[in-house]
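# Structural features, examined
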Amino acid sequence: MNEVADYLRISEDYCKTLGGLRWSPDGEAVEFADGTTFAFSGEIVGFLEGFAARRPLVDFNHVLHLLYLLRQDRASLGRRGPLQEAFHLGGKVHRNAGAFGAALCADVPSVPNPPPTLAIWQQVVLRWYRIMEVLAVRGKTTAVPPLAVGDFEDQVLQAASAYTAPDLLHWFKYGNGPVKEAAKTIAQEVASTKPRSLAGVLADLARHDRLAGAVPFVSQLVSALSLPPRRLAHNELPLGGYSDVTTTGNPEQILPSQFALDDLEFLRRYAERELLYFRREEPHAQTREELVVLLDQGVRTWGVVRLVLTAAVFALGKMADRRKLPFLVASTSTGGAPCDPVTSADDALAAALGASDLSANPGRALERILEEPAATTRDVVLLTHPRNLTEGDVAAAAKRAGDPTRLFALGVTERGDVEFSQIKHGVPVPLSRFHVDLDVSKPPLPAPAVDPRVPWRGDVEPVGFPFRFGITAGHGPFRFDFDLGGKWLLAASANGMLHAVRTDGFGFEVLPRGFCRGQVLTDVRQVKGVADGFVVVGLIGADCVGFHYHFGERRCSLFVLGDGNWLPDGTHYYPDLHTVVVLEHYYGKPVASAIDLATHETHCPHRAKPLRHVLTTADIHLTASASVPLRPTPIPSRAAEALARAAKGGLPRTTGVDVLPPSNYPCSTEHWVGLDPITGDLWGTLDEGKAFKFAPHIEGKPLLKGQKLVSAWGAEDTLAVLWKPIDALPNIHRRRRLSVFIVPPGKLAGDYSQPREQVGVALSSDGRLLALQTGANEAEVRAVADCGRVCAVVPRGGCHSNVEIHLGEFWLSIELDLMINLFRWDNGVLSNAQGRGSPTAFLVKQLPPDMIGPSGPALRPGQPSWLAYDRNRFTRFAVNTLVAACDRFGQIALFDHGGDLVCMIFTFRQQVAAWLPEGTGFGAPALLGGSPTPGAAAKIGRALHAASRRRKQEERTDP
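These remarks concern the structure in this document. Within each chain, residue numbers correspond to sequence positions counted from 1 in written order. Residues qualify for local features only when their pLDDT is at least 70, as the model is predicted, and side-chain atom pairs are given and counted only at 80 or more; totals for whole chains, interfaces and linings, by contrast, use all residues. In computing side-chain values, all of the structure's heavy atoms are included and hydrogens and water are not.

### Some words on the overall build of the chain
- Under the DSSP-based scheme used, a helix requires at least four consecutive residues in state H or I and a strand at least two consecutive residues in state E, with every element numbered from the N terminus. If you tally the helices and strands in the chain, you get 23 helices and 50 strands.
- Looking at the chain as a whole, 49% of its 959 residues are labelled buried.
- Between two residues, a contact is recorded if the distance between any of their heavy atoms is within 4.5 Å. For the chain, the proportion of contacts with a sequence separation of at least 24, taken over those separated by at least 6, is 57%.
- Surface accessibility follows the Shrake-Rupley procedure with a 1.4 Å probe radius. Residue values consider only the protein chains on display as shielding. Of the accessible surface of the chain, which amounts to about 45,800 Å², a share of 53% is contributed by carbon and sulfur atoms. Buried means the residue's accessible area, taken with a 1.4 Å probe over protein chains only, is under 20% of the maximum for its type, while exposed means over 50%, and partly exposed covers the values in between.

### Remarks on the side chain of Asp459
- Following the sequence through the fold, Asp459 ends up in the loop between β12 (457-458) and β13 (479-482).
- His is not counted here, nor are the chain ends, while Lys and Arg score as positive and Asp and Glu score as negative. By convention in these notes, a salt bridge is any Lys or Arg side-chain nitrogen within 4 Å of a carboxyl oxygen on Asp or Glu. Within the buried set, Asp459 has no salt-bridge partner at all; the shortest N-O distance to an opposite charge, 7.0 Å, is to Arg555.

### Considering the sheet that holds strand β11 (residues 427-435)
- Here a strand pair is declared whenever DSSP counts at least two bridges between the two strands. Spatial strand order, β7-β6-β8-β9-β10-β11: 6 strands in an open sheet with mixed pairing. The sheet is open, and its two borders are formed by β7 (327-331) and β11, each paired with just one other strand. Taking each pair of neighbouring strands and ignoring which way they run, the sheet shows an average axis angle of 20°.
- As judged from the 6 bridges shared by strand β9 (residues 405-412) and strand β10 (residues 417-424), these two strands associate in the antiparallel manner. Bridging across to β10, Leu410 finds its partner in Phe420. Axis lines are fitted through C-alpha atoms, for helices just across the contact stretch, and the angle between N-to-C directions can take any value from 0 to 180 degrees.

### Some thoughts on the sheet that holds strand β3 (residues 37-40)
- On the basis of which strands lie adjacent, the open sheet formed by 3 strands has the order β1-β2-β3 and antiparallel pairing. With partners counted over all chains shown, the strands left at the sheet margins are β1 (22-23) and β3, one partner each.
- Contacting β2 (29-31) and β3, helix α2 (residues 41-52) runs over the sheet at an angle of about 60° to β3.

### Some points on helix α8 (residues 149-160)
- Between its first and last C-alpha, α8 extends 17 Å over 12 residues, near the 16 Å set by a 1.5 Å rise per residue.
- Turning to α8, its buried residues number three or more, namely Val149, Phe152, Glu153, Val156, Leu157 and Ala160. Taken end-on, α8 shows its buried residues confined to a sector of 120°, consistent with a single buried face. Expected span of a helix: the number of residues minus one, times 1.5 Å. Starting at the helix axis, one direction is taken to each C-beta atom, and the arc is that of these directions.

### So, the packing of aromatic side chains
- Note on aromatic contacts: the rings of Phe and Tyr and the six-membered ring of Trp form a pair at centre separations within 6.5 Å, being stacked when their planes are under 30 degrees apart, edge-to-face when over 60 apart, and tilted otherwise. Counted by the stated rule, this structure contains 26 aromatic pairs.
- Taking the centre distance of 5.9 Å and the plane angle of 80° together, the rings of Phe465 and Phe889 count as edge-to-face. Within this pair, whereas Phe465 is found in the loop between β12 and β13, its partner Phe889 is found in the loop between β46 (883-887) and β47 (892-895), the two being separated by 424 residues in sequence.
- Accessibility expressed as a relative area gives 4% for Phe889, which makes it buried.
- Taking 6.3 Å as the distance between ring centres and 65° as the angle between the ring planes, the aromatic pair formed by Trp672 and Trp683 counts as edge-to-face. Of this pair, Trp672 sits in strand β28 (residues 672-676) while Trp683 sits in strand β29 (residues 681-685), and the two are 11 residues apart along the sequence.
- Trp672 sits in the buried class, given a relative accessible area of 3%.

This is the structure we're talking about:
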């Protein structure tokens, strides 16, 4: 509800030129300042639904501005007349108008983490909550759109001028542009009207994230699960005689005249399918069967058992589709109510199959299914744990299965043992037993929204880190933080190395460091998580700089804030403004600078002229030896609002919680915690001023009695406190512990020993994830509500720093101890050969004599000149037709003699990988962070071969 209220705030300053738009007191509509209605809430929500169907939502004030351009005749009709006319002629369908508005706002910054339109509809139209009361409280803080009124209006009208009047009318009628390819549209319409099939529904269900983990087990169950045939009823028996003669049938249906044939002729006719069979007359009425599957989602069927049981649903569904049987699915989370997958919505069915409940056994759900009257014969299959079949409730419910219903059960254990049985009179009778391989059948990795192999753009160092390796040994600060959504953890270690780790444990990558005026950022002072990325603040020389890493666009933007008098932990983020405020000392006084991360504008009011918001790579190369010219920019409205809040003391809340001594509480401020050492009571306030007080116990004893707090962190309902005994010496850290609580009611969610002097702790914005420093350059991510389960770990090692390289005209050898890796591209295709022993003997064996020649000589330290920006990184060099540079992590970068990067190669133990700057990857997926690109060996080989040939031709023509 809070995110909806935050989004629906109306800026009084922005909407003043639009007639003073505001929410009506009852929330039924948005009205003008004189009280007349501008638009009803249902119309606004419909407009938002159409907008969100094409792109993420923009600021709500911009949405109202779009509606104003379409609805109000008082606007300047000379410029806005075509839009209004087309909107009226198109029937005033606000959802279609929202889709067209999204097309006009292609360059307008979106809102970070916008609320779903379903939540807006539920709370504004259906009034699930008292949204207006919350909105009145939220409205006390000013909402500042990213663009001014005039800038937004000019941008929208300029985009609308590209559409003709028929195009506008088509948009407002149908919610889409004119379709040029009529045949394609007809084919899509025919496909959309095609009736749903059970096989298609099962295929769509397998693509959902919650059910994808069960797919690998389906193939093991399809061939093992089969229902025994039913005994034919009286009306299903053949009537006698025969009604037709065919060439196929059972042996007992062979015509008697065929037995008079010669033995060889009989055999020939049988092989050629020329024997004659009689076909009996089919019964006039045939009994219709249906199959019902009940999925147990109780406490005994969590984890891998649930995956196998869900796979059984898919396997039985395929069997029903093959036999043309009606197929119904029920689950214990829905109380045993069966539903038809063909007629049910895919999302609702996937949510029902992926849900979990706390039921002890499926007896009640089974009883409901068996008590329902069936119009046809029915087979019911119970998917559960074998222990549930021995429960009294399940046995009692199973006795309700009477003719013509048959009851079966599929029991799966945690070890993968499966027993398929038929339940008769409440007792299971085994039919088959088999085993499911749980090791080789693993859930597929979720595909990332953006390919991590796509290179980062913007203000990053010229040679990045495309390969996957962990943090190496080094001395320096270790800082980390979550992004706003809790999807990534970014850790900064020695020399400014940045490792981004996915919190679900499915991958990581090494980010290129920030680059400014020919220097790389190695002194990182703070990592701050923002919406869909991070802001890394540090010092380059005497300048305080910030780099915004946007993961969705894979772009890094530079912000120069001036001299380096930066305050520790002085970076603060306003999520509603998507703006960062950096605090620093300026001539002995604390001042603040603001950066709007959406529009990339920097506002430094304490300086004579605002600094330019972004320095591009081209600017850096052109002004490497001179100061960068700074151009004043207009004062950004959202940055100014952020500075105004900071000046009033309204810094955004962080996960840090103030620790107060007993003499200073209770306290009127928010986000504080105190400890009574006599009773062991913890009390304080967290989000939204919620007060708490509890005494944590462990093994029946007060946990914090006689202790004192050192530090505390809090987010939502999660509280993490670092404590130690009162009598502990100041320099003794072995007895310090970190305890994590869920408040209320004060449940202990984790307890960890902290022997280190420096403790690094970070909480996600929703409090569900905890990042904990476990070593000098080590950290792990734990799930707070899941008993502290480790979700992800910041990796370490995974690279070699002592490799030796030799470069030939069309080959490169990499030597590590006794291991040799040879890369060749003489035929235009990259190939790799590995061996052990003497490098010279290995090269003589692998290469023709005319290709060996002398390898490239080593260059002096500091060469080539285009790599002088970081002398500590590149340690070994070689030159031939190409220039090879090896860094401290074992990455080899191959350049042409003009300094352009051609390729990068990396080896770790027996694994090899290669990468082109445009994203093509070759080699081991563990080193690339994903599967290799199809045809990568040929593409990389052609690039290296062309660069080497070009250099040889230059040498021939060089006098």
